[in-house]
Amino acid sequence: MDSTPTTYTLALLPGDGIGPEVTAEAERVLDAAAEALGFEITTSEHPVGGAGIDAAGDPLPRATLDACLDADAVFLGAVGGPDWDAVAPDLRPERGLLRLRARLGAFANLRPVAVSDALAERSPLRPERVAGTDLLIVRELTGGIYFGLPRERTATEAYDTMRYTVLEVERIARVAFEWARKRGGRVTSVDKANVLASSALWRDVVARVGADEFPDVALEHLYVDHAAMEVVCDPRRFDVVVTGNLFGDVLSDLAATLPGTLGLLPSASLGGRTGLFEPVHGSAPDLAGRDAANPLAAILSAAMLLDSLGEADAATAVRQSVDAVVADGPHTADLGGTASTTDVGGAVADGIALLTLT
Ligand SMILES: NC(=O)c1ccc[n+]([C@@H]2O[C@H](COP(=O)([O-])OP(=O)(O)OC[C@H]3O[C@@H](n4cnc5c(N)ncnc54)[C@H](O)[C@@H]3O)[C@@H](O)[C@H]2O)c1
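Asks: With reference to specific residues and values, describe the domain arrangement of the protein chain.
Replies: Assigned domains of the protein chain: these are domain 1 (1-106 + 275-358) and domain 2 (134-257). The centre of domain 1, based on its C-alpha atoms, is set 27 Å off from the matching centre of domain 2.

Asks: Explain the packing of helix H9 (residues 224-233) against helix H10 (residues 245-256) to me, and be specific about the residues and the numbers.
Replies: In contact at an axis separation of 10 Å, H9 and H10 are set at 10 degrees when each is read in the N-to-C sense. As far as their axial angle goes, H10 and H9 are roughly parallel. Side by side, H9 and H10 meet where Val 224, Ala 227, Ala 228 and Val 231 of the first sit next to Phe 247, Leu 251, Leu 254 and Ala 255 of the second. The residue makeup of the contact of H9 with H10, split by class, is eight nonpolar, no polar and no charged.

Asks: Mind laying out the nonpolar core, listing which residues take part and the relevant values?
Replies: Counting 100 residues, the largest nonpolar core has Val 29, Phe 75, Val 138, Ile 299, Ala 302 and Val 318 as the members making the most contacts within it. Considering each element in turn, this core owes the most residues, ten residues, to helix H11 (residues 296-308). Apart from the residues lying within four places of it in its own chain, the contact partners of Val 318 are Val 29, Ala 33, Ile 299, Ala 302, Ala 303, Leu 306 and Ile 352.

Asks: Give a description of the sheet that holds strand E5 (residues 134-140) that names residues and reports values.
Replies: As summarised here, the arrangement of the ten strands in space is E2-E1-E3-E12-E11-E4-E5-E10-E8-E9, forming an open sheet in which the pairing is mixed. Each edge of the sheet is formed by a strand with only one pairing partner; in this case those strands are strand E2 (40-45) and strand E9 (218-223). Shown here is a sheet whose adjacent strand axes are inclined to one another by a mean of 25 degrees, direction ignored. Relative to strand E11 (residues 266-270), strand E4 (residues 108-114) runs antiparallel, the two being bridged by three bridges. When the sheet's bridge partners are listed, Asn 109 is paired in E11 with Ser 269. Together, strand E3 (73-78), E11 and strand E12 (275-279) form the strand contacts of H11, whose direction differs from that of E12 by roughly 160 degrees.

Asks: Before we move on, could you go through helix H8 (residues 197-213) and cite the residues and values that matter?
Replies: One turn of an α-helix holds 3.6 residues; hence residues three or four places apart share an orientation. Under the 1.5 Å per step criterion, the end-to-end length of H8 is 24 Å for 17 residues, consistent within 8% with the ideal 24 Å. For H8, the full list of buried residues reads Ser 198, Ser 199, Trp 202, Arg 203, Val 205, Val 206, Val 209 and Gly 210. Those residues of H8 that are buried are in contact with helix H7 (166-182), strand E8 (186-191), E9 and strand E10 (240-243).

Asks: Provide a residue-level description of H10, including the pertinent values.
Replies: The end-to-end C-alpha distance of H10 is 16 Å, a good match for the 16 Å that twelve residues give at a rise of 1.5 Å each. Considered for burial, the residues of H10 that qualify are Asn 245, Phe 247, Gly 248, Leu 251, Ser 252 and Ala 255. Projection of H10 onto a plane perpendicular to its axis shows the buried side chains occupying an angular sector of 150 degrees, all on one side. Buried residues along H10 sit against E4, E5, E8, H9 and E10.

Asks: Could you give me a rundown of the environment of Ala 228, with the residues and numbers involved?
Replies: On the secondary structure map, Ala 228 appears in helix H9. Here Ala 228 falls in the partly exposed class, since 17 other C-beta atoms lie within 10 Å of it. When the C-alpha positions of Ala 228 and Phe 247 are compared, they lie 9.5 Å apart, and in sequence the two are 19 residues distant. Those residues in contact with Ala 228 that lie beyond four places of it in its chain are Leu 251 and Leu 254.

Asks: How would you summarise the packing of helix H1 (residues 19-37) against H11 if you had to cite specific residues and measurements?
Replies: The interhelical angle for the contact between H1 and H11, taken along N-to-C directions, is 45 degrees, at an axis separation of 8 Å. One finds that H1 runs oblique with respect to H11. Our pair here, H1 against H11, has a crossing hand that is right-handed. From H1, Val 22, Thr 23, Glu 25, Ala 26, Val 29, Leu 30 and Ala 33 reach across to H11, where they touch Ala 298, Ile 299, Ser 301, Ala 302 and Leu 306. For the contact of H1 with H11, the per-class residue count stands at nine nonpolar, two polar and one charged.

Criteria and cut-off values
Residues numbered from 1 in each chain as written. Predicted model: local features only at pLDDT ≥ 70, side-chain atom pairs only at ≥ 80, totals over all residues. Domains from an automatic or database assignment. Axes fitted to C-alpha atoms, helices over the stretch in contact; angles between N-to-C directions. Helix = DSSP H or I, 4+ residues; strand = E, 2+ residues; numbered from the N terminus. Parallel < 35°, antiparallel > 145°, perpendicular 65-115°, else oblique. Contact = placed C-beta atoms within 7 Å. Nonpolar A, V, L, I, M, F, W, Y, C, P; charged D, E, K, R; others polar. Core = buried A, V, L, I, M, F, W, Y, C linked by C-beta atoms within 7 Å. Buried ≥ 20, exposed ≤ 12 C-beta atoms within 10 Å, placed from the backbone. Pairing = 2+ DSSP bridges. Expected span 1.5 Å × (residues − 1). Arc of directions from axis to C-beta. Left-handed = near helix turned anticlockwise from the far one by under 90°.

Set out below in structure tokens:
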């Protein structure tokens with residue numbers, strides 16, 4: 001029998017601001033998980049965003065894109081910052097990220113939001129209302145009103161086009177139903193089917209996919225205005241939420257406020273051969289270079305990356321170690337502590353080694 005450990009290739013794109021600081025901690029935790037669970041990760045590092053502009057005059061340099069397309073997974077820290085505010089719109093750091101998502105064919109953006117008892121006190125909502133929240137927003141990322149044509153602005157009017165095809169809705173619906181099967185068995189589909197034709201199609205297609213292919217998953221439909229109210233009033237009622245690009249953008253940022261810090265929220269963008277994993281937060285120029293950012297969002301994104309590689313035990317070990325750090329510290333300032341980025345990353349990495357020894 002071949003005893004060579006499985007080796008995965010990972011393209012690391014640290015980016016700008018706190019991106020390199022939190023990426024270093026995610027890499028350290030990935031190394032600890034690989035060591036503990038007996039596989040290998042080979043990483044290569046590439047500039048993106050402002051770092052790409054500085055290195056190659058492009059927020060997504062060709063060599064960076066090629067490395068991403070060749071890798072088993074891509075990890076990105078964050079892009080953007082005041083140093084690049086004056087560049088032309090097409091050259092902005094964020095453009096690099098949008099182009100990368102498009103080139104990877106990443107049509108499904110996954111954002112889990114969980115609020116443990118330990119975190120509930122920091123939520124802007126009342127703790128008893130938010131403690132125990134555990135939801136996953138599945139946002140369609142490459143269609144809808146952000147990409148629909150025609151789109152025009154003249155001196156006297158402007159319009160955009162919200163367009164969805166049956167195929168686009170079917171494939172995102174399947175992603176949501178499959179995740180519901182692995183989680184709580186419930187999908188909430190969010191639309192505005194009482195007003196928008198694209199939403200009426202969305203609702204019909206999601207209902208058909210659910211009935212034909214996932215009869216074991218409970219499905220409800222909510223209008224987006226009602227869904228927004230429920231995210232604030234009763235976030236625990238949700239398991240998997242599936243929605244289009246525009247509604248998902250707004251709802252996922254609304255849900256991101258529930259834990260009281262951006263420093264805990266991971267994301268994955270999936271669809272093509274290679275997935276992209278990144279914390280939800282930006283480059284936080286106010287924290288950059290101070291070893292003060294919370295690396296847990298990046299580390300939880302690394303856990304999603306391990307899941308996508310099929311290393312479920314490693315992903316679970318990372319999450320358990322993060323849970324222990326959230327409950328008992330060390331904590332960075334956003335969680336009320338005084339620990340540094342590296343302290344927190346080190347604690348999670350040490351926790352994995354301990355967990356897998358016991
Ligand atoms: N995916 C991305 O790369 C991404 C996402 C959002 C914003 N941005 C870019 O980041 C730059 C800054 O944007 P912003 O200030 O609106 O958003 P931001 O997410 O960088 O910061 C918002 C607030 O959250 C805090 N914060 C963010 N991450 C944190 C962490 N890990 N630990 C503790 N606190 C954290 C920051 O200190 C700040 O107060 C801009 O250039 C923006 O375009 C990039």
